[in-house]
Amino acid sequence: MSVYQHALLAVDLSEEALALARRARQLADGLGFRLSIVHALEPFSLAYGGEIPMDLSPVQDQLNAHATARLKKLAQESGIPPDQVHTVTGHPRDEIRRVAREIGADLIIVGAHHRHWFDTLFGSTTDDIVHEAHCDVLTVHVEPSQAGG
C-alpha cells in the first residue's frame, strides 16, 4: 500500500503542464494513489488589486470556460478521470490548498519553474504551497523542452 492515498496535481496550463501531468500520472500508477488535478484562475479583481470600474464578469466567465476546457483536455491526455478535475477561481495559493483539503489529498504535486526576478522578490505560488500546505508537497522540475512529450 502506498504512503499516499490521494494526490492533487496543481497546474498553471503553461506549456510544461502536460509533461508535469504525465509525470504525476506515472507516479500515481507506480505508487498506487488516486490523482486529481486543479487549475486556479485568478480573478480580475485580484489581478488588478481590487475594484474594477466596469463589469468584466462576462470576460471572466469566458476565461473560466476556456481554462476548464483546457484542463479537461489535459486531464484526458494524462489519464485523469473527469470527476477528478477541478477548475476554481481565486488566489491560486489559497485555492489549491483549499481544494486539497476538501478532497482529502495527502500530497500536492506542483511544477517548479525557473525563477524570475519577480518570484525572487515577491515569492511564488509554489513556495507558498510548500510552506503552508497541510500535507506533503512534491515539486517536479519540468523543462520547457519536455513539454512536447
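Our subject is the structure that appears above.
This is a predicted model, so every value here is computed, not measured.

### What about the sheet that holds strand E3 (residues 85–89)?
Read from one edge to the other, the open sheet built from five strands follows the order E3-E2-E1-E4-E5, with strand pairing classed as parallel. This sheet does not close on itself; its edge strands, each paired only once, are E3 and strand E5 (136–141). When strand polarity is set aside, the average angle formed by the axes of neighbouring strands in this sheet is 25°. Relative to strand E4 (residues 107–112), strand E1 (residues 6–10) runs parallel, the two being bridged by four bridges. Looking at E4, one finds that Leu9 is bridged to Ile109.

### Overview of helix H4 (residues 92–103)
Over its twelve residues, H4 extends 16 Å from the first C-alpha to the last, a length consistent with the 16 Å expected when each residue adds 1.5 Å. Those residues of H4 lying buried are Pro92, Glu95, Ile96, Arg97, Val99 and Ala100. Those residues of H4 that are buried lie in contact with E1, strand E2 (34–41), E3, E4 and helix H6 (125–132). Remark: Gly104 follows H4 within two positions and exhibits a positive phi of approximately 75°.

### Describing the environment of Ala21
Turning to its location among the elements, Ala21 is positioned in helix H1 (residues 17–31). Classification of Ala21 by relative accessible area gives buried; the value is 0%. Taking the C-alpha atoms as reference points, Ala21 and Val11, separated by ten residues in sequence, lie 8.0 Å from one another. Here Ala21 is in contact with Leu9, Leu74 and Ser78, once residues within four sequence places are set aside.

### Observations concerning the pattern of salt bridges
Close approach of charged atoms lets side chains of opposite charge pair. All chains considered together, the criterion is met by six salt bridges. With its nearest N and O atoms 3.2 Å apart, the salt bridge here joins Glu132 to Arg97. Taken together, the positions of Glu132 in helix H6 and Arg97 in helix H4 put the pair 35 residues apart, joining distant regions of the chain. We classify Glu132 as partly exposed; its relative accessible area is 47%.

### Quick look at the environment of Arg97
Using a relative accessible area of 10% as the deciding quantity, one classes Arg97 as buried. Taking the C-alpha atoms as reference points, Arg97 and His134, separated by 37 residues in sequence, lie 7.7 Å from one another. The residues touching Arg97, leaving out its near neighbours within four places in the chain, are Asp128, Glu132 and Ala133. A polar side-chain atom of Arg97 sits 3.3 Å from the main-chain carbonyl oxygen of Arg93.

Scoring rules and cut-offs
- Residues numbered from 1 in each chain as written.
- Predicted model: local features only at pLDDT ≥ 70, side-chain atom pairs only at ≥ 80, totals over all residues.
- Heavy atoms only, no water.
- Pairing = 2+ DSSP bridges.
- Helix = DSSP H or I, 4+ residues; strand = E, 2+ residues; numbered from the N terminus.
- Axes fitted to C-alpha atoms, helices over the stretch in contact; angles between N-to-C directions.
- Expected span 1.5 Å × (residues − 1).
- Buried < 20%, exposed > 50% of the residue type's maximum accessible area, 1.4 Å probe, protein only.
- Contact = heavy atoms within 4.5 Å.
- Salt bridge = Lys/Arg side-chain N within 4 Å of Asp/Glu carboxyl O.
- Polar contact = N/O pair within 3.5 Å; in protein donor to acceptor, adjacent residues only side chain to side chain.

Read these as layout, nothing more, since geometry by itself doesn't imply function.
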